[in-house]
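Next come the chains, spelled out residue by residue.
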Amino acid sequence: MNSPSSPARLSPVEFTGMLALLFATLAFSIDAMLPALPEIGAELSPDALNRAQLVLSAFVLGMGVGTFFVGPISDAIGRKVTIAGGFALYIAASVTAHYAGSLELLLAARVIQGIGASAPRVAGVAMLRDLYAGREMARIMSFVMMIFMVVPALAPLVGQTIILFFDWRAIFLVYIGFALIAFGWLWLRQPETLTPDRRRALTPANLISAFREVVGNREVKLYTAAMTLGYGQMFALLSSIQQVFDQTYDRAQSFPLWFAGIAAISATGSFINSAFVMRLGMRRIVILAYIGASALSLVALALSLAGVLGFPAFFVWATSVFFIAGLTFGNLNALAVQKMGHIAGMATSIVTAISTMLATLIAGPVGLLFDGTAGPAILTAVICSILALVLMTRSERF
């Protein structure tokens with residue numbers, strides 16, 4: 001529902017588009033790098049090509065670290081100024097990455113870039129919670145996620161095109177342009193959603209009180225854990241998907257096109273959720289989604305262990321992982337902050353930070369354990385989906 005004290009705001013359609021563009025910055029920052037991993041490995045880590053995958057994990061780790069701070073800061077000074085500071089850090093890190101002469105410096109820049117990107121991610125969700133709640137928030141979040149999922153369809157193609165005409169370093173210049181467009185729309189069109197009378201001073205007492213309230217809530221903990229598992233299986237697949245296409249199925253050249261297909265199909269998950277969430281509810285849809293995810297991943301694992309996981313079956317399974325993300329992430333975000341509107345920034349920070357950082361701990365080792373098959377990523381999805389389903393069955397009904 002809309003808050004009766006909400007400030008003037010954009011129409012729901014324009015607000016959704018603006019928020020989607022903020023979130024798209026995150027997806028573009030990850031997926032545009034996928035075609036560049038072989039070149040990065042060959043140039044900066046020729047003796048250990050798998051280390052190039054850390055370029056993805058480093059960014060996600062940075063987002064996880066940044067989210068611990070962004071929410072409370074946005075509760076204290078407002079959403080727009082917080083996002084502005086995040087984009088400034090993101091752009092500075094992109095410049096550093098562009099000129100990085102070693103993998104270590106590139107990884108450090110990616111961590112800082114992720115910290116900067118955490119601002120639009122966390123403050124954007126808090127901004128949404130300032131204006132909407134419950135199923136209505138989940139419905140808008142679903143539209144945001146739908147647009148967000150389309151970006152991965154284009155990002156690898158953009159990345160490959162940039163590499164073809166320039167080199168992998170030029171991708172970071174495109175990141176800067178993308179960030180400037182997203183920030184410009186926010187700054188020029190969206191009024192501040194957290195009015196001064198609703199802000200919380202950044203004092204130890206306020207921080208400790210809000211932190212205790214969030215981490216002491218059973219439902220928040222359940223939904224955060226479920227989101228961690230969802231992110232974990234998705235990031236695990238992302239960390240090795242380029243290698244699977246290349247080394248397992250010999251489709252390196254056509255990878256961007258196949259990945260575009262995966263992302264485009266997956267985006268329908270968010271559309272389906274937006275169409276049914278008001279009627280079925282967030283919790284029921286998430287439970288049904290993880291039942292399907294568990295079943296599909298078990299079938300894929302059986303085929304992989306038998307050595308008969310052909311490319312069509314792998315493509316269907318990989319698509320299902322992202323499709324499930326479209327069905328669940330918007331709902332889980334809304335459920336986690338359902339009762340935390342008065343401390344939306346802090347709640348979003350804690351939920352996002354924990355889910356992202358723990359998901360990185362799941363995905364990082366999976367990428368490094370790549371053995372020429374999709375087996376490690378599939379096994380991770382089986383475990384994560386089943387555990388997420390168990391957690392959701394223990395949650396409160398909304």
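The shown structure was predicted, so the numbers you read here are calculated from the model rather than taken from an experiment.

J.: Which residues make up the overall build of the chain, and what values do they have?
T.: Of the regular secondary structure elements, the chain holds 14 helices and zero strands. Helices (α) and strands (β) of the chain occur, in sequence order from the N terminus, as α-α-α-α-α-α-α-α-α-α-α-α-α-α. Taken over C-alpha atoms, the radius of gyration comes to 20 Å for the chain, in line with the 21 Å a tight globule of 398 residues would show. For the C-alpha atoms alone, the extent of the chain along its principal axes is close to 60 × 45 × 35 Å. Relative to its 398 residues, the chain shows a buried fraction of 59%.

J.: A description of the environment of Ile 140 should follow, citing residues and the corresponding values.
T.: Within the secondary structure, Ile 140 sits in helix α6 (residues 134-165). According to the relative accessible area criterion, Ile 140 is buried, its value standing at 4%. Along the chain, Ile 140 and Ala 295 lie 155 residues apart, while their C-alpha atoms are 29 Å from each other. Ignoring sequence-local partners within four residues, the contact set of Ile 140 consists of Thr 16, Leu 128 and Tyr 132.

J.: Now, about the packing of aromatic side chains: what can you tell me, with residues and values included?
T.: Under the definition given, this model contains 21 aromatic pairs. When the ring of Phe 245 is compared with that of Phe 255, the centres are 5.1 Å apart and the planes differ by 65 degrees; the resulting orientation is edge-to-face. Placement of the pair is Phe 245 in helix α9 (residues 218-248) and Phe 255 in helix α10 (residues 255-280), with a sequence separation of ten residues. The exposure class of Phe 245 is buried, given its relative accessible area of 0%. We classify Phe 255 as buried; its relative accessible area is 2%. These aromatic residues form a ring-pair network of at least three members: Phe 245, Tyr 249, Phe 255, Trp 258, Phe 259, Phe 311, Phe 314, Phe 315, Trp 317 and Phe 322. Lying over the aromatic face of Trp 187, Lys 80 brings its terminal NZ or CZ to 4.7 Å of the ring centre. Between Arg 251 and the ring centre of Phe 311, over which it is positioned, the NZ or CZ distance is 3.9 Å.

J.: Account for the packing of helix α3 (residues 54-77) against helix α13 (residues 344-368), naming residues and giving values.
T.: Taken N-terminus to C-terminus, the directions of α3 and α13 make an angle of 170 degrees; their axes are 7 Å apart at the nearest point. Relative to α13, the element α3 is oriented roughly antiparallel. In the crossing of α3 with α13, the sense of the turn from one axis to the other is left-handed. Tallied by class, the residues present in the contact of α3 with α13 amount to twelve nonpolar, eleven polar and one charged.

J.: Can you explain the environment of Ala 318? Please cite residues and give values.
T.: Its location among the elements puts Ala 318 in helix α12 (residues 311-336). Put simply, Ala 318 and Ile 241 are 77 residues apart on the chain and 8.7 Å apart in space, counted from C-alpha to C-alpha. If near-sequence neighbours (up to four positions away) are discounted, Ala 318 is found in contact with Leu 237 and Ile 262.

J.: Quick rundown of the pattern of salt bridges? Include the residues and the values.
T.: Opposite charge on two side chains makes pairing possible when the charged atoms of those side chains draw close. On inspection of all chains with the given rule, the structure shows six salt bridges. Its salt-bridge partner being Glu 14, residue Arg 189 comes within 2.8 Å of it at the nearest N-O pair. With Arg 189 in helix α7 (residues 171-189) and Glu 14 in helix α1 (residues 12-31), the pair connects residues that are 175 residues apart, well separated along the chain. Ionic pairing is found between Glu 43 and Arg 169, a salt bridge with its closest N-O pair at 2.9 Å. Placement of the pair is Glu 43 in helix α2 (residues 37-44) and Arg 169 in the loop between α6 and α7, with a sequence separation of 126 residues. The exposure class assigned to Arg 169 is buried, which follows from its relative accessible area of 14%.

J.: Provide a residue-level description of the side chain of Ser 118, including the pertinent values.
T.: In this fold, Ser 118 is placed in helix α5 (residues 103-131). Looking at Ser 118, the relative accessible area reads 0%, which means it is buried. With sequence-adjacent residues up to four places away left out, Ser 118 is seen in contact with Met 63, Gly 66, Thr 67, Val 70 and Ala 123.

J.: For the packing of α3 against helix α4 (residues 79-98), give the residues involved together with the corresponding values.
T.: What describes two packed helices is the angle between their axes and the distance between those same axes. Running from N to C, α3 and α4 cross one another at 150 degrees; their axes reach a closest spacing of 9 Å. The angle between the axes of α3 and α4 places the two elements in the roughly antiparallel class. The handedness of the crossing between α3 and α4 is right-handed. Counting all contacts with α3, which are made through Phe 59, Val 70, Gly 71, Ile 73, Ser 74, Asp 75 and Ile 77, the residues of α4 involved are Arg 79, Val 81, Thr 82 and Tyr 90.

Rules used throughout
- Residues numbered from 1 in each chain as written.
- Predicted model: local features only at pLDDT ≥ 70, side-chain atom pairs only at ≥ 80, totals over all residues.
- Heavy atoms only, no water.
- Helix = DSSP H or I, 4+ residues; strand = E, 2+ residues; numbered from the N terminus.
- Rg over C-alpha atoms; globule rule 2.2 N^0.38 Å.
- Buried < 20%, exposed > 50% of the residue type's maximum accessible area, 1.4 Å probe, protein only.
- Contact = heavy atoms within 4.5 Å.
- Phe/Tyr/Trp six-rings, centres within 6.5 Å; stacked < 30°, edge-to-face > 60°.
- Lys NZ or Arg CZ within 6 Å of the ring centre and 35° of its normal.
- Axes fitted to C-alpha atoms, helices over the stretch in contact; angles between N-to-C directions.
- Parallel < 35°, antiparallel > 145°, perpendicular 65-115°, else oblique.
- Left-handed = near helix turned anticlockwise from the far one by under 90°.
- Nonpolar A, V, L, I, M, F, W, Y, C, P; charged D, E, K, R; others polar.
- Salt bridge = Lys/Arg side-chain N within 4 Å of Asp/Glu carboxyl O.

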